[in-house]
Amino acid sequence: MQYVWKISGEQGEGIDSTGHIFAMNVFRNGFELATYRKYSSRIKGGNTTFEVRFSENPVFARVKKLDVLIAFDENAILVSKEQIKSSTIVIFDEQSGITDLDKVDCIKLAIPLSKIARDITGTAISKNMVSLGASIALFDGMDYSYVMDQIEKRFSKKSMEIVEKNKRAFLEGYNFAKKFLSDNSILPYKVVKGKDGVKRMIMSGNEGLAMGALAAGCKYFAGYPITPASSILEFMVKNIGNFGGVAVQTEDEISAINSVIGASLAGVRAMTATSGPGFSLMVEAIGYAYMTETPIVIANIQRGGPSTGLPTKTEDGDILMSLFLGHGDTEKIVIFPSNPYEMFVYTFQAFNLAEKYQLPVIILSDLQLGENVYTTKYIDDSLLDELKVDRGKYVDYEPNERLYRYQFTEDGISYRIIPSVKGLQFQTSGNEHNEKGFITENSSIRKKMVEKRMRKLANFNDYFFEFEDIGSNPKVAIVAYGINYHFVKEVCVEINKSEGVSFRLVKPVVLYPFPIEKMEGALEGMDNIIFVEQNYFGQLRRLYYMFGGKNKSVLINKYDGEPFFFEDLYQSIKEKLYSKV
């Protein structure tokens, strides 16, 4: 059992808030869910949609099917035509004049949404509540008590009269749709789910990342608003104070990352978050952090590029940049988690890695993972007990021996002396320097310093690399990362079920240092290897060969700003199964 619900209209009509209420109500009814948001890069106007796919089983990918569509305008039909089927119930305002609906084969449920809203609440904007009630009535067995809770939470500050009016508007729509089903002998969708007792959460990738940073002890966050990373800044501004920290909205991205470096130099865990254009502006400062061996965490929530590109669309086009940004010989650790739970766990680990190796750690995500909400594993006390803070060679005490901030060591990692420790004064400079941090152009010291920094990752083994088999004795391997890994897994489970093909699913989490030995081990013996990516170049596939990959492979890629549809990915994988490479 699975259903897809969608609301679509103009930005500013409350589409997003209505979608979130429906999604949470579905979750409270015990279902797994995945959402998809589409909006324009403007404050008001332009089409926006909120889509919720839910089932008793885990779901991630979009599908070319709608069970319910709430259409507030003509564009809602135009952007949804590929998903509207003859069985789709389209709820629309009978006075909206949507002419294109006459050309679409579907079940049309005309409701005087605006009139009902005005009659009950005095404003047409409450048509959201009317249409939400009508849409929930189409799912037999769906409890709507959470919606009522949300109405009270959102409107009680105004007055209880407004609360009651909005509840009435919701119920009016609910009863209208129930009568429509009965009058037309249409059976509602059945939504019965057995309880499995497994606790889950619903959250976005950006929420998982921000929560992971707070759990890791992040005490300073700086950022500048940019889609699709802005919600991280908003989350930190609202919550970091409860954890003894400070969040700052700076005047630009350059100021943000430089203040993060300053906070880390002072000894606190610090991070910033941005997207492609802002990330580009941070490149010089990331090089400075590497040269001064300052641990910082940078989250890059990717969108379509280059330049301003597609501010409100998804893409994974910053992988190569993340690995090779900066002039000179620089290294950093690059991580790409695959779901909100992993965003929490690996953001926590990112702070440990940054301090362990004393260099920048870049966390990659994208709009599809960052801004959309999914059901995910529950974050409980046992996980927090398992995740331990590791501050590396952190020195905030007077030692018994003489230490130097940039001391030559066998593993390349010096003592991270916090300023003001008695007797251990040092200088910090982006110029080449000696063990005490003083600027030098001595060729011998320069050579030793470069080699010292390069030893840091020589024995790196924190790859968080995973692979799993769907079926037995697979000969087909698919390499994917980020949220697309779960899209691929859903498709492969279905192909295995329907056609008996077994797959090995390979998921690299740390992209640099590149896990070439682990990749080759996972791909050994495979007859067919497919990379699935959301960029033109096939950037991870290029890295695989750049770092010495020996196996032939093919690429499935998408770069139009939209996430994969399940059906398209299914067809593409089937076409590649027996391709000659």
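Residues numbered from 1 in each chain as written. Predicted model: local features only at pLDDT ≥ 70, side-chain atom pairs only at ≥ 80, totals over all residues. Heavy atoms only, no water.

Asks: What's the story with helix α9 (residues 253–265) in this structure? I'm lost.
Replies: Helical geometry: 3.6 residues make up each α-helical turn, so side chains three or four residues apart lie on a common side. For α9, with 13 residues, the first-to-last C-alpha span of 18 Å sits near the 18 Å given by 1.5 Å per residue. Between a side-chain oxygen at the N-terminus of α9 and the backbone nitrogen of Ile 254 the separation is 3.2 Å; the capping residue is Asp 252. Directly beyond the C-terminal end of α9, a positive phi value near 110 degrees is found at Gly 267. (Helix = DSSP H or I, 4+ residues; strand = E, 2+ residues; numbered from the N terminus. Expected span 1.5 Å × (residues − 1). Polar contact = N/O pair within 3.5 Å; in protein donor to acceptor, adjacent residues only side chain to side chain.)

Asks: Looking at this structure, how should I read the layout of surface pockets?
Replies: Empty space among the atoms becomes visible once a probe the size of a water molecule is rolled across them. In this structure, the largest pocket encloses a volume near 1100 Å³. Every residue lining the largest pocket is counted, 47 residues in all, and those nearest its centre are Asp 16, His 20, Arg 37, Ser 231 and Glu 371. For the lining of the largest pocket, the secondary-structure elements that each account for two or more residues are α1 (15–28), β2 (32–38), β3 (47–55), α5 (145–155), β9 (200–204), α7 (205–215), α8 (230–239) and α14 (367–371). Counted by class, the lining of the largest pocket contains 18 nonpolar, 17 polar and 12 charged residues. Residues from two domains meet in the lining of the largest pocket; each of domain 1 (2–190) and domain 2 (202–386) gives at least three. (1 Å grid on protein atoms, 1.4 Å probe; cavity = no way out; pocket = protein on both sides within 12 Å on 5 of 7 lines; lining within 4 Å. Points joined across faces, edges and corners; volume = space filled by probe spheres on them. Nonpolar A, V, L, I, M, F, W, Y, C, P; charged D, E, K, R; others polar. Domains from an automatic or database assignment.)

Asks: Which parts of the structure should I look at to understand the pattern of salt bridges?
Replies: Any two side chains of opposite charge can pair, given that their charged atoms come close. Scanning the entire structure with this criterion turns up 33 salt bridges. With a shortest N-O distance of 2.5 Å, Arg 53 and Glu 490 are connected by a salt bridge. With Arg 53 in strand β3 and Glu 490 in helix α17 (residues 484–499), the pair connects residues that are 437 residues apart, well separated along the chain. This pair shows no difference in class: Arg 53 is buried, exactly as Glu 490 is. Glu 562 is the partner of Arg 62 in a salt bridge, and the nearest nitrogen-oxygen pair spans 3.9 Å. (Salt bridge = Lys/Arg side-chain N within 4 Å of Asp/Glu carboxyl O. Buried < 20%, exposed > 50% of the residue type's maximum accessible area, 1.4 Å probe, protein only.)

Asks: For this particular structure, what's the right way to read a nonpolar patch on the surface?
Replies: A cluster of nonpolar side chains, Tyr 536, Phe 537 and Tyr 559, forms an exposed patch at the surface whose accessible area comes to about 360 Å². Within the secondary structure, Phe 537 is located in the loop between β23 (528–533) and α19 (539–546). The exposure class of Phe 537 is partly exposed, given its relative accessible area of 43%. (Patch = residues over 30% accessible without salt bridge, like charges linked within 9 Å, V, L, I, M, F, W, Y side chains within 5 Å. Areas by Shrake-Rupley, 256 points an atom, 1.4 Å probe, with all protein chains shown as cover.)

Asks: Is there a simple way to think about the sheet that holds strand β19 (residues 466–470) in this case?
Replies: Each strand in a sheet pairs with its neighbour through backbone hydrogen bonds, running either in the same direction (parallel) or in the opposite one (antiparallel). Taken together, five strands build an open sheet; the order of strands is β19-β21-β20-β23-β24 and the sheet is mixed. Looking along the sheet, the strands with just one partner apiece sit at the ends: β19 and β24 (554–557). Averaged over all pairs of adjacent strands, the angle between strand axes in this sheet comes to 20 degrees, irrespective of strand direction. Pairing of β23 with β24, which is carried by four bridges, proceeds in the parallel orientation. Looking at the pairing, Val 532 lines up with Ile 556 of β24. (Pairing = 2+ DSSP bridges. Axes fitted to C-alpha atoms, helices over the stretch in contact; angles between N-to-C directions.)

Asks: Even after reading the chapter, I still don't get the environment of Lys 199, so can you show me in this structure?
Replies: Along the chain, Lys 199 turns up in the loop between β8 (189–190) and β9. Expressed as a C-alpha distance, the spacing of Lys 199 and Glu 331, which sit 132 residues apart in the sequence, is 39 Å.

Asks: Can you help me understand the domain arrangement of the chain in this one?
Replies: What the domain assignment reports for the chain is domain 1 (2–190), domain 2 (202–386) and domain 3 (466–577). Taken together, the contacts link 16 residues of domain 1 with 12 residues of domain 2. With both sides pooled, the region where domain 1 packs onto domain 2 buries about 1300 Å², and carbon together with sulfur makes up 54% of that total. Viewed at the interface, domain 2 and domain 1 are joined by one salt bridge. Note that Glu 371 and Arg 37 form a salt bridge whose closest N and O atoms lie 3.6 Å from each other. On the surface where domain 1 and domain 2 come into contact, there are seven residue pairs in polar contact (both at pLDDT 80 or more). Where the side of domain 1 that touches domain 2 is concerned, the elements lending two or more residues are α1 and β2. Classifying every residue of the side of domain 1 that touches domain 2 gives nine nonpolar, four polar and three charged. (Contact = heavy atoms within 4.5 Å. Buried area = accessible area lost by both parts, 1.4 Å probe.)

Asks: Would you mind going over unusual backbone geometry with me for this structure?
Replies: For residues besides glycine, phi is generally negative; the peptide bonds are generally trans as well. For the bond from Thr 227 to Pro 228, the omega torsion is 0 degrees, close enough to zero to count as cis. In this fold, Pro 228 is placed in the loop between β10 (218–223) and α8. The omega angle of the peptide bond from Gly 305 to Pro 306 is 0 degrees, so this bond is cis rather than trans. Considering the arrangement of structural elements, one finds Pro 306 in the loop between β13 (296–302) and α12 (319–324). For Ser 307, which is not glycine, the phi dihedral falls at a positive 55 degrees. Summarising the element assignment, Ser 307 is placed in the loop between β13 and α12. According to the relative accessible area criterion, Ser 307 is exposed, its value standing at 63%. Look at Phe 464: it is not a glycine, yet its phi comes out positive at around 50 degrees.

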